[in-house]
Each structure stands twice: as structure tokens, then as C-alpha cells.
Amino acid sequence: MKVAIFLTTRVGSTRLKNKALLEINNQTVTDILIERLKRTGIPIILTVPDTSNDIDELFPIAKYHGIGFFAGEKDNIIKRHMDCAKENGVDYIILSEGDDWLVCSETINAVYYKASELKFEKAIKTEGLPFGMNVIAYPVENLLKTSFSSDTGWGVYVTEDACILKFNYKRPYKLSMDYLSDAKLMETVYLKCKRNEYVGGIV
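## Considerations on the environment of Phe 59
Here comes step 1: Examined against the element boundaries, Phe 59 turns out to sit in helix 2 (residues 52–65).
Here comes step 2: In this structure Phe 59 comes out as partly exposed when scored by relative accessible area, which is 38%.
Here comes step 3: Each C-alpha atom, one on Phe 59 and one on Ser 13, is 18 Å from the other, the two residues being 46 residues apart in sequence.
Here comes step 4: When neighbours within four sequence positions are excluded, Phe 59 is seen to be in contact with Asp 54 and Phe 69.

## Some points on the pairing of strand 5 (residues 68–72)
Here comes step 1: Looking at chain direction, strand 4 (residues 44–49) and strand 5 are connected through five bridges and run parallel. Within strand 5, the position partnered with Pro 49 by the bridge is Gly 72.
Here comes step 2: Since strand 4 and strand 5 lie parallel, the crossover through helix 2 that links them has a hand, and here it is right-handed.

## Digging into unusual backbone geometry
Here comes step 1: Not every positive phi belongs to a glycine, and Lys 119 is a case in point at roughly 60°.
Here comes step 2: Structurally, Lys 119 can be placed in the loop between helix 4 (105–117) and strand 7 (124–127).

## Here's the deal with the pattern of salt bridges
Here comes step 1: This model, assessed by the stated rule, comprises six salt bridges.
Here comes step 2: A salt bridge links Lys 38 to Glu 35, with the shortest nitrogen-to-oxygen separation between them at 3.9 Å. Residue Lys 38 and its partner Glu 35 are located together in helix 1 (residues 29–38), separated by three residues, close to a single helical turn.
Here comes step 3: The exposure class of Lys 38 is partly exposed, given its relative accessible area of 35%.
Here comes step 4: A relative accessible area of 33% places Glu 35 in the partly exposed class.

What counts and what doesn't
- Residues numbered from 1 in each chain as written.
- Predicted model: local features only at pLDDT ≥ 70, side-chain atom pairs only at ≥ 80, totals over all residues.
- Heavy atoms only, no water.
- Helix = DSSP H or I, 4+ residues; strand = E, 2+ residues; numbered from the N terminus.
- Buried < 20%, exposed > 50% of the residue type's maximum accessible area, 1.4 Å probe, protein only.
- Contact = heavy atoms within 4.5 Å.
- Pairing = 2+ DSSP bridges.
- Right-handed = clockwise from strand over helix to strand, strands pointing away.
- Salt bridge = Lys/Arg side-chain N within 4 Å of Asp/Glu carboxyl O.

Any functional reading would require information beyond the geometric quantities listed.
See below:
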């Protein structure tokens, strides 16, 4: 059984251009996210659309951090994940989205341990964390069960009948980077929070 984190991101964005390459203290947000994910000890594959721009900009980041890299189907994330899993022999995927670069390693590890208890046979998702900090994970076979083909709104199809890990974090923050205002808020949280790697440290 091989488990991997698929860090799914792209350079192109209509709402916030080049958001994966925004910098804080001379690091891109993608660099910051990778360092956070490394704390889990789970293998990471940077999974991007197969475009020259995505490859040119993001492959060097993956190489620098010594993580996997896969460029696949441009407009169908489910196929991209299926092809990446097949090429890398992955059986179970933990999703990390590039927009959600404040996700906590402790949350991902909680999902991993729950999935292991269930023998990696069921999807897992967290609920109750700020938007952008919840985590989903799923067996690769769940990708094969859906014919949905888009880059958005696909998560519900691969987490049907998922086991829910409930949190009770009652702060209604949005910590997902769609617009410049989101990026500025997340930068402030990252720079000001003494325990920024943990959800409990965001106050």
C-alpha cells in the first residue's frame, strides 16, 4: 500500500495570476506549503497541468525540495490524479491544494492515521476547520468510479460515503487563496502567528 500527498496546483489562474509563485520572505507560497507538508513524513508529488508554463515554473521547485513531480491532463483533475497514481504506484491519495498553503501537518497526519485504521479502504475528510484547512483523502479506486471531468467541484465525487473527522474550531476564517485579499490575510497569519504550522496557533 503506497500513500502519497498529491500537492495539486497550477500557475495559471483567472482571479489571481501566478498565485502559486507569490512570495513571502523570498519564498514562494508553494515552497512554504511543501515545507509544511514535509513535516508529515508522507511522500509528496507536485501534480500540475501539462502546460509549458506550469512545468517551467513548478518543476524547479519540486526538484529543489526533492519531491516528486507529475504533469498531466490539463482540464480534468480526476484523470490527472489517476495517471499520476498509476505512474507512481500510488494506492491512496491525500490531497493538498496549492491555494490552501496554511494547511496543518497535524491535520494531515490525523487523516493518515484514521485511513490506516480503516486499511486505506475508505475516503476520509475533515469538517469544522476554517475554509482552506480541511483535508480530504481517498483510495485511487474512487477516482475510477466517477465520470466527472472538470477541474472544480470534483471532490464530492471521490469522497462519497467518507469517514468524517470532526473538529470544533469555531473561527470562520477563509484561509484559501482565490483573491489578493485572501493572500494578504494568509500572509499576515503566517508572519504573525508564533505557531503558524498548527491550526491551534491561528488566533
